[in-house]
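Results of the structural survey
The chain contents come next:
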Amino acid sequence: MIPAKKVLNTLNEHWGVLELLFKRFKMTDFSLKDVQNIIKNKNPQWTSERIFRETNRLLNQEIIIPLAKSSQLEINRAVADFASFLLQEEDLGLAEEITVLVKDLERLGTRLQQAGDEGDFSELRRFSRIMDERVRKIVKLFQHNESAIFNIVEQAKSDNSNLSLQKRYRAVIEAFDEYIEPMLEMVDIRGQFHACFAVIESQISHQIDSIELFGRGAHDKRMLEQLRTRILDMHLIGRESLRKSADMLMPLREELRRNTLITRQAAKVLGLIRKNGVDRMLTSVQPEFVSDIQRFSLGQKRHMVAYMASLAQFEHDDYQLPDQTDVPAYHSPNIPDYQDVHTAFARTFADNGNKRQALLGFLTSQYPSLDADEMLFLYQKLVSDQDFELQQDNERAKVTINEHTFALYPFNASTVQETHHDTD
Amino acid sequence: MTQINLSELTELHAINKKLVGGYHISEQDTTLWQQLDQNIEAYQALFSALGHDLQHDRRGFYYLASDESTPNMGKISRAIALTVFILIEHYANQGKDPLRALFDEVADLELMQTLVQLNKHLFDQLEIFSGSDLRKDVYLRMVRLGLAKEVEQGFMHLAPIYRYIDALMEVNEDGFDALEDEV
């Protein structure tokens, strides 16, 4: 028997060498020369004698052991397991492993119950211990597989473009089909896993009850309680771990599925194009674009529809073009007839005793609602009227008509021609 | 009814000019894309009033949808479709992840030559006889339509290529059969 401390020291001293051996050769064998080379590589300053001695030390402490009937060597299984645990270089286990352990757990549960019923406490304790160990092992497997899946995912993601898609994802697909799916089935609420745990739990609870009832072995009770808790915990850990693993794998699996779908479709469509011709095949599926030319034409269906709709609403209407000669003069509807204005002005003028009178003053007082331009129109008519005698002021005046201000030399009427007055 | 506040649509002129030319505005056109992203409803209402159909694709691009295109545009689109489908097949044949390769890898002249050589009889039908024809007739037009961008060694495909992938996936068995019957 080699003292553990000694082995640990050697492991510590040669960890670099072992790690390299483990990574390079994984589970295969290697020669003594390989070991010496690696040691030399790690410690270039060592003499060959020292290297020989160190190699022997590894051999003597059974860290590396010779294969049966061969000069080749391999890493001690126990050390390899330890290293794989330390390096997290775990390979995905089988769902079967866990299934077997759970089945065993079920069997042990029945045995435990038997022992309890028979009152054989040493047996009860023994089974409880074994079950405890199994549970720990299952939990360890869950964790182990989870980190293995993590590694698989990382590897698949670290894109090595020249690696084929199929190859890259093979591990993913395998992990999914061989581990996740059966496991998910197992931990399903209606699955056998669950049923089995229910049975075990009720068995243990029953034992605890009977221990309580007969009041014997507080220690045993504690032990069973612990076991029960551990089993429940295990179930939980298992579900969590599986969910996490599935979450990691699912996106990759989807990606692969989508990609294969696209690839297959592309191959199919190209095949058809080859058979039927490019234009025939693609005209119906190609995406369409808006183009500059279209902007200026009725190229599109909806443009046509809009155009047709407006055509449908069109109503033919005879429209008489006006004759050039008899166009009536424009009359603003607000302006009173000039003849009336003329008469009114003449009358006012006469009433005032033919005094000097401002034309604009008359207009604003007579027609206060007129707009400025209409007022000016009348003013201009009056000014140019031959019937009145008008004088223009010499001073410039400012007049405000309906919020418009004008500066002008206003006209004033002084006398009305008698002749015309008579005719009116 | 959506309120269209024209003073907020500061990039309207540039956006209109690009879109009616068939251009796809994707995230690389940062200013225009942000502007559209923020005022999508107003733009959509405005363009639909103008008789256009402004589409927002969740994969990150905007374009004016159209039911028909001019014969010339149709031909260009066919050439692009063929190129994209052949590229997918090409990448898959090389064992690459076709979608990833499509968007990650640069399409250079060498690749174009290979494509044309390998699919000569298909490209012949579109009057594309060499890699440089493919570059000129397809890739430069793809740049003009916002489907690709020119980089140092060649062209990178942009998100609007998904329109072609959608078109590819739309071709279903029934469509095949109908076509077969016609033949």
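Residues numbered from 1 in each chain as written. Chains lettered and ligands numbered in written order. Predicted model: local features only at pLDDT ≥ 70, side-chain atom pairs only at ≥ 80, totals over all residues.

The name an unreviewed UniProt entry assigns to chain B is DUF4194 domain-containing protein, from the organism Pseudoalteromonas amylolytica.

1. Points about the overall build of chain B
Helix and strand counts for chain B stand at ten helices and five strands. Burial status across chain B gives 39% buried among its 183 residues. Nonlocal contacts in chain B, meaning residues at least 24 apart in sequence, comprise 54% of its contacts between residues at least 6 apart. (Helix = DSSP H or I, 4+ residues; strand = E, 2+ residues; numbered from the N terminus. Buried ≥ 20, exposed ≤ 12 C-beta atoms within 10 Å, placed from the backbone. Contact = placed C-beta atoms within 7 Å.)

2. Focus: the nonpolar core
Core analysis: the biggest nonpolar cluster contains 57 residues, and Ile 80, Leu 82, Val 84, Phe 85 and Ile 88 of chain B have the highest contact counts within it. At 13 residues, helix 4 (residues 71-93) of chain B tops the list of elements feeding residues into this core. Filtering out sequence-adjacent residues up to four positions away, Val 84 of chain B remains in contact with Ile 161 and Tyr 164 of chain B. Grouped together as the second largest cluster of nonpolar side chains are 35 residues, Phe 142, Ala 148, Ile 180 and Ile 204 of chain A included. (Core = buried A, V, L, I, M, F, W, Y, C linked by C-beta atoms within 7 Å.)

3. Here's the deal with the sheet that holds strand 2 (residues 53-57) of chain B
Neighbouring strands of a sheet are bound in pairs by backbone hydrogen bonds; such pairs are parallel or else antiparallel. Residues and elements named next belong to chain B. The strand order 1-3-2 describes an open sheet built from three strands, whose pairing is antiparallel. Because the sheet does not close on itself, it has two edges, and the strands there are strand 1 (25-26) and strand 2. Bridge count between strand 1 and strand 3 (residues 61-65): two bridges; the pairing is antiparallel. Looking across to strand 3, one finds that Ser 26 is bridged to Phe 61. (Pairing = 2+ DSSP bridges.)

4. A few points about unusual backbone geometry
All names here are of chain A. Located in the positive-phi region is Glu 62, a residue other than glycine, with phi close to 60°. In this fold, Glu 62 is placed in the loop between helix 4 (48-60) and strand 1 (64-66). Backbone geometry places Lys 69, a non-glycine residue, at a positive phi of 55°. By the secondary structure assignment, Lys 69 is in the loop between strand 1 and strand 2 (73-75).

5. Considerations on the confidence of the model for chain A
Taken as a whole, chain A shows an average pLDDT of 77; of its residues, 81% reach a score of 70 or greater. A low-confidence stretch, residues 416-424 of chain A stays under pLDDT 50, and its non-local contacts, those more than four residues away or across chains, total 13 contacts. (pLDDT = per-residue confidence, 0-100.)

6. Things to note about the packing of helix 6 (residues 109-118) of chain B against helix 8 (residues 131-144) of chain B
Residue and element names in this part refer to chain B. Across the interface, helix 6 lies against helix 8 with an axial gap of 7 Å and an inter-helix angle of 105°. With respect to their mutual orientation, helix 6 and helix 8 come out roughly perpendicular. Judged by residue contacts, Leu 109, Met 112, Gln 113, Leu 115 and Val 116 of helix 6 engage Gly 131, Ser 132, Leu 134 and Arg 135 from helix 8. Counted by class, the contact of helix 6 with helix 8 contains five nonpolar, three polar and one charged residues. (Axes fitted to C-alpha atoms, helices over the stretch in contact; angles between N-to-C directions. Parallel < 35°, antiparallel > 145°, perpendicular 65-115°, else oblique. Nonpolar A, V, L, I, M, F, W, Y, C, P; charged D, E, K, R; others polar.)

7. As for the pairing of strand 5 (residues 397-401) of chain A
All names here are of chain A. The buried fraction of strand 5 is low, at zero of five residues. Pairing geometry for strand 5 and strand 6 (residues 404-408), over five bridges, is antiparallel. From the neighbouring strand, Val 399 faces strand 6, where its bridge partner is Phe 406. Counting the residues in the hairpin turn of strand 5 and strand 6 gives two residues, including Asn 402, whose phi is positive at 45°.

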